[in-house]
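Each chain, letter by letter, is given below.
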Amino acid sequence: MSKDDSTGKIQWDRLIKKLSPYTVQKGLRYLKHYGLKEFWIRLHERFEPEEVPYGPWYEAYRPDEETLEKQRKRKFPDGPLISIVVPAYLTPERFLRQMLDSLLAQTYENWELCLTNGSPEDPDMQTVLRSYAEMDRRIRYQDLKENLGIAENTNAAFAMAEGDFIALLDHDDLLAPNALYEIAAALEEHPEADLAFCGSRQVMLDGVGNRTGEEFDRAISDEHLKMISEDWRDLYIGDYIGAPSATIYRKGAPEYEEKLTWIVDVEFYMRLLQRNPRFVVSKEPLVSIGVSENQLTESCRTDGKLNIFEYGFVMQEFSLLSEEKYRQKFIQIALKYKMPFASLAPYGIPKKEYEKAAAKKRREDFVFYVGVAKRKVRKAFGKKQFT
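Since the model is a prediction, treat every value here as computed from it, not as a measurement.

1. Here we look at the overall build of the protein
Next up, step 1: The secondary structure content of the protein amounts to 14 helices and nine strands.
Next up, step 2: Burial status across the protein gives 48% buried among its 387 residues.
Next up, step 3: Within the protein, residue pairs in contact and separated by at least 24 positions form 76% of the contacts whose partners lie at least 6 positions apart.

See below:
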């Protein structure tokens, strides 16, 4: 459902099942920051009836053991070596074992794990890593002298990679057993591609890493797939590819832009596709991704100044100012965070265009709130006509 369409029906039984102190607290924070309209739209996006319930759909899709065995026996004459890069720091033992076991279960065998341990003083991590490395030579790890931070820990893991393609995983991510097989098969069919990505299962975690019970699937829609296939610059309008854990790209790709934090992935994908616009995609949820409320992306979500800087940076980098759809995206970002025109002026946004969009948003907000008020009156006084 688009941001402008809030007429869909919420699946209330799903919403009630998801209620918990964590989700209620998170919802109240979202309501306080973004207001009633954005909160209502978000609610519809998350709890509209799914075309097919996720659980049964995934179980129906998931290959049976016979299919998985056929995948294990298939030979890839030119199958790429895929380097799984994992920066780890104080990883709980159960997460570490689950992640490692998901790699060992892969039906595609030409992979290597490149893990940097930013907490070499942790005896549990040492024991687990040593035992798995002894069990399988594809598992390699490097003890860092100290925790260097997420960026440097990741760079150290990248430096270990010897593969043709790179995949980045977090310590609480899991791969479906056929994940690398599906990607390798797609790349074999389209050897010209430098990028592959897939759908994912988003698993919400609380501040200490425990599951909150809120989970949902994410995959690119047909509409958005068509958009970025025709013009990769449309990634500026939305991150339709998803988290880095759901991507694999050819070694030698450009480095991440150090000036960005919130849309750093989007900017990276845009530069990758600018160089080679060919990619392959699987909509199946081949990776389970843990999403913590303490992650950097969650804190960036409410920072208006940071969003203006980063979207402005990317607009200038890729010379997007000349096209209205990209200017409108930038303007909507400013309006969302209640940023004045002065924040957009340095990037060349016309003042009249900003004022027109702001007036339109005020009208839409007015209509929305009137609609909410009418529904409340109807609820309070029954189904009497109220106009």
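From this point, the discussion proceeds with the structure in view.
2. Observations concerning unusual backbone geometry
Next up, step 1: Even without a glycine there, the phi angle at Leu 90 is positive, about 50°.
Next up, step 2: You can see Leu 90 is positioned in the loop between strand 1 (82-88) and helix 5 (93-104).
Next up, step 3: The backbone of Lys 338 shows a phi angle near 55°, a positive value even though the residue is not glycine.
Next up, step 4: Position of Lys 338 among the secondary structure elements: in the loop between helix 13 (324-336) and helix 14 (351-381).
Next up, step 5: By relative accessible area, Lys 338 is classed as exposed at 66%.

3. Examining helix 12 (residues 304-317)
Next up, step 1: Its 14 residues place the ends of helix 12 20 Å apart at the C-alpha level, agreeing with the 20 Å of an ideal helix rising 1.5 Å per residue.
Next up, step 2: Of the positions making up helix 12, those classed as buried are Gly 304, Asn 307, Ile 308, Glu 310, Tyr 311, Gly 312, Phe 313, Val 314 and Met 315.
Next up, step 3: N-cap assignment for helix 12: the residue whose side-chain oxygen lies 3.3 Å from the backbone N of Lys 305 is Asp 303.
Next up, step 4: With its phi angle positive at about 50°, Ser 319 sits one or two positions after the end of helix 12.

4. Digging into the nonpolar core
Next up, step 1: Membership of the largest hydrophobic core comes to 53 residues, with the highest contact counts inside it found for Leu 235, Tyr 236, Met 270 and Phe 330.
Next up, step 2: When residues of this core are traced back to their parent elements, those giving at least two are helix 7 (150-160), strand 4 (165-168), strand 6 (195-205), helix 9 (222-230), helix 10 (264-275), helix 12, helix 13 and helix 14.
Next up, step 3: Setting aside residues up to four positions removed in sequence, Phe 330 forms contacts with Tyr 236, Ile 308, Tyr 311, Gly 312, Met 315, Leu 344, Tyr 347 and Ile 349.
Next up, step 4: In terms of nonpolar packing, the next biggest core, distinct from the first, is built from 41 residues, Tyr 108, Met 125, Ile 183 and Val 287 among them.

5. So, the pattern of salt bridges
When the charged atoms of two side chains lie near each other, side chains of opposite charge can form a pair.
Next up, step 1: What the rule picks out here adds up to 17 salt bridges.
Next up, step 2: Two residues, Arg 250 and Asp 194, come together in a salt bridge whose shortest N-O distance is 2.6 Å. On the criterion of sequence distance, the pair formed by Arg 250 in strand 8 (residues 247-250) and Asp 194 in the loop between helix 8 (179-189) and strand 6 is long-range, its members being 56 residues apart.
Next up, step 3: Classification of Arg 250 by relative accessible area gives partly exposed; the value is 28%.

6. Considerations on empty space enclosed by the protein
Next up, step 1: Summed over the entire model, instances satisfying the criterion amount to two cavities of 30 Å³ or more.
Next up, step 2: If you add up the space inside the largest cavity, you get close to 110 Å³.
Next up, step 3: Along its surface, the largest cavity is lined by 16 residues, and Leu 175, Leu 180, Cys 198, Ser 245 and Ile 248 are the ones closest to its centre.
Next up, step 4: Those elements that place two or more of their residues in the lining of the largest cavity are helix 8, strand 6, strand 8 and strand 9 (279-292).
Next up, step 5: Grouping the amino acids of the lining of the largest cavity by side-chain chemistry returns 14 nonpolar, two polar and no charged.
Next up, step 6: Taken as a whole, the second largest cavity spans an internal volume of roughly 40 Å³.
Next up, step 7: Every residue lining the second largest cavity is listed: Phe 197, Cys 198, Gly 199, Arg 218, Ala 219, Ile 220, Tyr 240, Ile 241, Val 281, Ser 282 and Lys 283.
Next up, step 8: Mapped by element, the contributors of at least two residues to the lining of the second largest cavity are strand 6 and strand 9.

7. Some details on the pairing of strand 2 (residues 111-117)
Next up, step 1: Burial runs high along strand 2: seven of the seven residues are buried.
Next up, step 2: With seven bridges connecting them, strand 1 and strand 2 associate as parallel partners. Opposite Val 85, over in strand 2, you have Cys 114 as the bridge partner.
Next up, step 3: Regarding topology, helix 5 serves as the crossover connection from strand 1 to the parallel strand 2, and that connection is right-handed.

8. Describing the packing of aromatic side chains
Next up, step 1: By the definition in use, this model includes 13 aromatic pairs.
Next up, step 2: Relative to Phe 268, the ring of Tyr 256 has its centre 4.5 Å away and its plane inclined at 5°; by these criteria the two rings are stacked. Placement of Tyr 256 in the loop between strand 8 and helix 10 and of Phe 268 in helix 10 is noted, with a sequence separation of 12 residues between them.
Next up, step 3: The class for Tyr 256 is partly exposed, based on a relative accessible area of 27%.
Next up, step 4: Taking 5.4 Å as the distance between ring centres and 75° as the angle between the ring planes, the aromatic pair formed by Phe 330 and Tyr 347 counts as edge-to-face.

9. Quick notes on a nonpolar patch on the surface
Next up, step 1: Together, Phe 366, Val 367 and Val 370 give the surface a local cluster of nonpolar side chains, amounting to about 300 Å² of exposed area.
Next up, step 2: The residue Val 367 is located in helix 14 in this model.

10. With respect to the environment of Trp 232
Next up, step 1: Within the element layout of this structure, Trp 232 appears in the loop between helix 9 and strand 8.
Next up, step 2: Linking Trp 232 and Met 270, residues 38 residues apart in sequence, is a C-alpha distance of 6.5 Å.
Next up, step 3: When neighbours within four sequence positions are excluded, Trp 232 is seen to be in contact with Met 270, Leu 273, Gln 274, Pro 277 and Phe 318.

Thresholds applied
Residues numbered from 1 in each chain as written. Predicted model: local features only at pLDDT ≥ 70, side-chain atom pairs only at ≥ 80, totals over all residues. Heavy atoms only, no water. Helix = DSSP H or I, 4+ residues; strand = E, 2+ residues; numbered from the N terminus. Buried < 20%, exposed > 50% of the residue type's maximum accessible area, 1.4 Å probe, protein only. Contact = heavy atoms within 4.5 Å. Expected span 1.5 Å × (residues − 1). Polar contact = N/O pair within 3.5 Å; in protein donor to acceptor, adjacent residues only side chain to side chain. Core = buried A, V, L, I, M, F, W, Y, C linked by side-chain atoms within 4.5 Å. Salt bridge = Lys/Arg side-chain N within 4 Å of Asp/Glu carboxyl O. 1 Å grid on protein atoms, 1.4 Å probe; cavity = no way out; pocket = protein on both sides within 12 Å on 5 of 7 lines; lining within 4 Å. Points joined across faces, edges and corners; volume = space filled by probe spheres on them. Nonpolar A, V, L, I, M, F, W, Y, C, P; charged D, E, K, R; others polar. Pairing = 2+ DSSP bridges. Right-handed = clockwise from strand over helix to strand, strands pointing away. Phe/Tyr/Trp six-rings, centres within 6.5 Å; stacked < 30°, edge-to-face > 60°. Patch = residues over 30% accessible without salt bridge, like charges linked within 9 Å, V, L, I, M, F, W, Y side chains within 5 Å. Areas by Shrake-Rupley, 256 points an atom, 1.4 Å probe, with all protein chains shown as cover.

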